[in-house]
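Structure assessment
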Amino acid sequence: MQVAIFGAAGQLGVELVRVFTERGHTVHSFRRADADITDLTQLEGRLAALDVDLVLNAAAYNKVDVAETEPHVAYAVNGLAVRNLAVICRQLDARLVHFSTDYVFDGTAGRPYREEDAVRPISAYGVSKLAGEFYAQAYCDSALVLRTSGVFGPAGRHTAGGNFIESMLRLAAKGGPLRIVNDHIASPTYAPELARVTADLVGRGETGVFHAGGGQAISWFDYAAKIFRRAGLSPELKPTNEREYRTAARRPTFSALENARLHRTGILPFPEIDRQIELYFQARA
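A brief structural summary. Given the structure is predicted, the values throughout are model-derived calculations rather than measurements.

Here the focus is the environment of Leu171. Mapped onto the secondary structure, Leu171 falls in helix α5 (residues 164–174). A relative accessible area of 33% means that Leu171 is categorised as partly exposed. Counting along the chain gives 64 residues from Leu171 to Pro235, while the straight-line C-alpha distance between them is 9.2 Å.

See below:
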């Protein structure tokens, strides 16, 4: 297939380029400097010239706290730009794969979320990502939407946003106690495995919404402890909570994802979180 990948320089985008190239497809990579996904006219010309069969959108505005002061920017990238891609895919009879987030939920269920659970974002970022889901499915009947959580990959060492593992290692190097929230639960996801799952779903022709989180619900505090154990470090870890650690944006307290539909497909599931961390450190080395 002729495959266009947006957000190709990010942690997930790098892995999507690698996996789809390895599987024999012709991949056209677009970084932020290469194409403005908020410009419909520009996108139409670029994608029509390539005669694409598949578009993967890993581009996103992910400054969760900053989005509270510039929600229009978040909505333009995470919402309206997805509409642009979906409209073009419909015109070209191409498939669209769009990546969303666990932040479309409010976190009050107290258990991992399934695909059929009601969505209720509680931040400008979450609202913008949910809008992207709606636009993808409204304009593209064959759209595949993958919700994920806490993505981390080797490319995070070189991207502006980094990832949680790199943040923890930097903080540990500074010395002193580290305060990590223990009342927020997610399901961290290793980017190379997410890219593999994506390619498997595309190969099977799956459509609709799939949860593709790392497969294990874990607090950020416990996640940090696992990271330091694997790194052979022993900084002083102190648990904190949402009340003590205030942020501009509200975050769902329990946003781990249950990969229910994925399990029913028979596709190889994500490894356990310890294995994902191990794979990350191996790639990092």
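Contact geometry of helix α1 (residues 11–22) with helix α6 (residues 191–203) gives a least axis separation of 8 Å together with a crossing angle of 50 degrees. In terms of orientation, α1 lies oblique with respect to α6. The hand of the α1/α6 crossing is right-handed. Contacts between α1 and α6 involve Gln11, Leu12, Glu15, Leu16, Arg18, Val19 and Phe20 on the former and, on the latter, Ala191, Pro192, Leu194, Ala195, Arg196, Thr198, Ala199 and Val202. For the contact of α1 with α6, a count of residues per class yields 10 nonpolar, two polar and three charged.

Bringing the nonpolar core into the picture now. Counting residues in each nonpolar core, the largest one holds 32 residues, and the members touching the most others are Ala4, Phe6, Ile37, Leu47, Val55, Leu85 and Leu96. Mapped onto this core, the elements with two or more residues apiece are β1 (2–6), α2 (40–50), α3 (71–92) and α4 (124–139). No other element matches α3, which puts eight residues into this core. Look past the residues within four positions of Leu96 in its chain and what remains in contact with it is Val55, Leu85, Ala86, Cys89, Ala136, Cys140, Ser142, Ala143 and Leu144. Residues Val197, Leu201, Leu262 and Phe270 belong to the second largest nonpolar core, which totals 26 residues.

Reading the values: rules and limits
- Counting starts from 1 at the beginning of each chain's written sequence and moves along it residue by residue.
- Local features are withheld for residues below a pLDDT of 70 in this predicted model, meaning they are given only at 70 or higher, and side-chain atom pairs are given and counted only at 80 or more; totals for whole chains, interfaces and linings count all residues.
- For side-chain calculations, the full set of non-hydrogen atoms in the structure is used, while hydrogens and water are omitted.
- By definition, any uninterrupted DSSP run of H or I lasting at least four residues is a helix, any uninterrupted run of E lasting at least two residues is a strand, and each is numbered from the N terminus.
- Relative accessibility thresholds used throughout: buried, under 20% of the residue-type maximum; exposed, over 50%; partly exposed, between the two (1.4 Å probe, protein chains only).
- With axes taken as lines fitted to C-alpha atoms, and helix axes fitted only over the stretch in contact, angles between N-to-C directions fall between 0 and 180 degrees.
- Oblique is the label for any angle not covered by the other classes, which are roughly parallel (under 35 degrees), roughly antiparallel (over 145) and roughly perpendicular (65 to 115).
- The hand of a helix crossing depends on one turn: near helix anticlockwise from the far one by less than a right angle means left-handed, and clockwise means right-handed.
- Every residue pair with non-hydrogen atoms within 4.5 Å of one another is taken to be in contact.
- In the scheme used here, Gly and all other residues not listed as nonpolar or charged are polar, with Ala, Val, Leu, Ile, Met, Phe, Trp, Tyr, Cys and Pro taken as nonpolar and Asp, Glu, Lys and Arg as charged.
- Each nonpolar core is a collection of buried residues, namely Ala, Val, Leu, Ile, Met, Phe, Trp, Tyr and Cys, held together in the definition by side-chain atoms within 4.5 Å.

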